[in-house]
Amino acid sequence: MKRMIGIVLIGLVSISLCAQSTKKIRELEKQHAALQKQISDSETLLQSTKKDVKSQLDNLAVLSGQIADRKQYIETIEKDVQVIQNEIDRLRTDLKTLERELAEKKKKYEKSVMYMYKNKSIQEKLMFIFSADNLSQMYRRMRYVREYADYQRRQGKEVQRKQREVSDKQKTLLASRDAKADMLKQGEAEKLKLEEQEKERKALLSALQKKQGAIQLEIKEKRRSANRLNAEIDRLIEIEIEATRKRKEAEARRKAEAERKRKEAQKETIAESKKAAIPESKVEVYKVDNEDLRLSNVFEKNKGRLPMPITGAYAIVGHYGKYQVKGLRNVRLDNKGIDVKGKEGAQARVIFDGEVSAIFQYNGLSNVLVRHGNYISVYCNLSSVQVKKGSVLKTKDIIGQIHTDTNGNTVLHFQLRKETAKLNPEIWLAK
């Protein structure tokens, strides 16, 4: 009985391992499909054919973003190829073990078959049983004949089961090899595309390097405009923080006053009744930022998983912080958020549950601030909005339409703050 249980358990483990291998390969293929779709979608984003500096810088940003995505995809493929190779090595080891076990079981089965063949006739079995010296021995011989027949049947079934395990393992191994071959093929195709994009970027850089003066003027104008926009965002955030502080203080005073009155009423009741003092009931301590703290904690738990603030295909064309544009001399950018390019008609969407705290106009376009507890997300460059101050939003609710300029660029400028502190949105968003 114990032997049979062990056999069943071994079988279940083998089936489970095969299923895990297949599942792992499917998960990797699914991840690759998602990454490939993101890259394909970003390649459909319109690039301006105009030769002015602004358009060429925009094209350089789009192309650089696509190159970065493709490099990351190639790295992912290479890592996953190694994962599958490790799986193939494990499957080969398992297959050798199974084939060895199968050979041993076949050998045992052959011996039992040969024994039964030599003693196959009913007469021989009966003679073996009736030649016993006494009834006890006869009974033992009868049981032996019956149990040996059962043993032979079990041996046959074990051989069949082990053969199925070997067959299943061979199929899983072949599937893993095919998956590895497909990934290697994908990797080679992506490397060729990367080479083409690198050539395109090199040609674009060569054209831009001849326009160094115009580039500096364009960057200077962008910086001036960004500074004005950021100053307005900072001002509104400070107003929001101050208003929140005053609201919380007022709420705290109201609760304190209510508590004072409750205690006074309790004292009057005690004095009037002249009874023993009633033990004071425990009062819930009011936390000034209780609700904001709850929202913030949940927000923080979603770091790296928040949705992109734009609908449809996208490419990040402006990164957070101060950085040098690779390939261009003395071209430094300072971004307080990120710039996300989408298709014409793309919409801005909120990254998490929150409340619209401010809407303001700048250069004829709308900008929206949404509060998520202690965190604030900012959506800029909108041609229209469909929310208003005080609107309560759920994750992925649409905020408004992103403006498309005369060059066909649809770019959302997005910022993330923790009160006044500026954060890098890219480490908070799922890409």
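Residues numbered from 1 in each chain as written. Predicted model: local features only at pLDDT ≥ 70, side-chain atom pairs only at ≥ 80, totals over all residues. Heavy atoms only, no water.

Novice: Explanation requested: the nonpolar core in the structure shown.
Specialist: What tends to happen in soluble globular proteins is that the nonpolar side chains get buried as a cluster. Core analysis: the biggest nonpolar cluster contains 29 residues, and Phe299, Ile351, Val370, Tyr379, Leu382, Ile399 and Phe414 have the highest contact counts within it. Only strand S1 (314–318), strand S4 (338–342), strand S7 (365–372), strand S8 (375–385), strand S10 (398–402) and strand S11 (410–418) provide two or more residues apiece to this core. The contacts of Leu382, once residues within four sequence positions are left out, are Ala348, Leu365, Ser366, Val368, Ile399, Gln401, Ile402, His403 and Leu412. Residues Leu28, Val81, Ile88 and Leu173 belong to the second largest nonpolar core, which totals 16 residues. (Core = buried A, V, L, I, M, F, W, Y, C linked by side-chain atoms within 4.5 Å. Buried < 20%, exposed > 50% of the residue type's maximum accessible area, 1.4 Å probe, protein only. Helix = DSSP H or I, 4+ residues; strand = E, 2+ residues; numbered from the N terminus. Contact = heavy atoms within 4.5 Å.)

Novice: Is there a simple way to explain the packing of aromatic side chains in this structure?
Specialist: To describe a pair of aromatic rings, you give the distance between the ring centres and the angle between the ring planes. Overall, the coordinates contain five aromatic pairs when judged by the stated rule. A centroid spacing of 5.3 Å and a plane angle of 85° characterise the contact between Phe299 and Phe352, whose relative ring orientation is edge-to-face. Of this pair, Phe299 sits in helix H6 (residues 290–301) while Phe352 sits in the loop between strand S5 (347–349) and strand S6 (354–362), and the two are 53 residues apart along the sequence. A single burial state applies to Phe299 and to Phe352, both of which are buried. Pairing Phe299 with Tyr375 gives two aromatic rings, centres 4.6 Å apart and planes at 20°, and the pair type is stacked. Residue Phe299 is found in helix H6, and its partner Tyr375 is found in strand S8; the two are separated by 76 residues along the sequence. By relative accessible area, which is 0% here, Phe299 ends up buried. Residue class for Tyr375 comes out buried when judged on its relative accessible area of 3%. (Phe/Tyr/Trp six-rings, centres within 6.5 Å; stacked < 30°, edge-to-face > 60°.)

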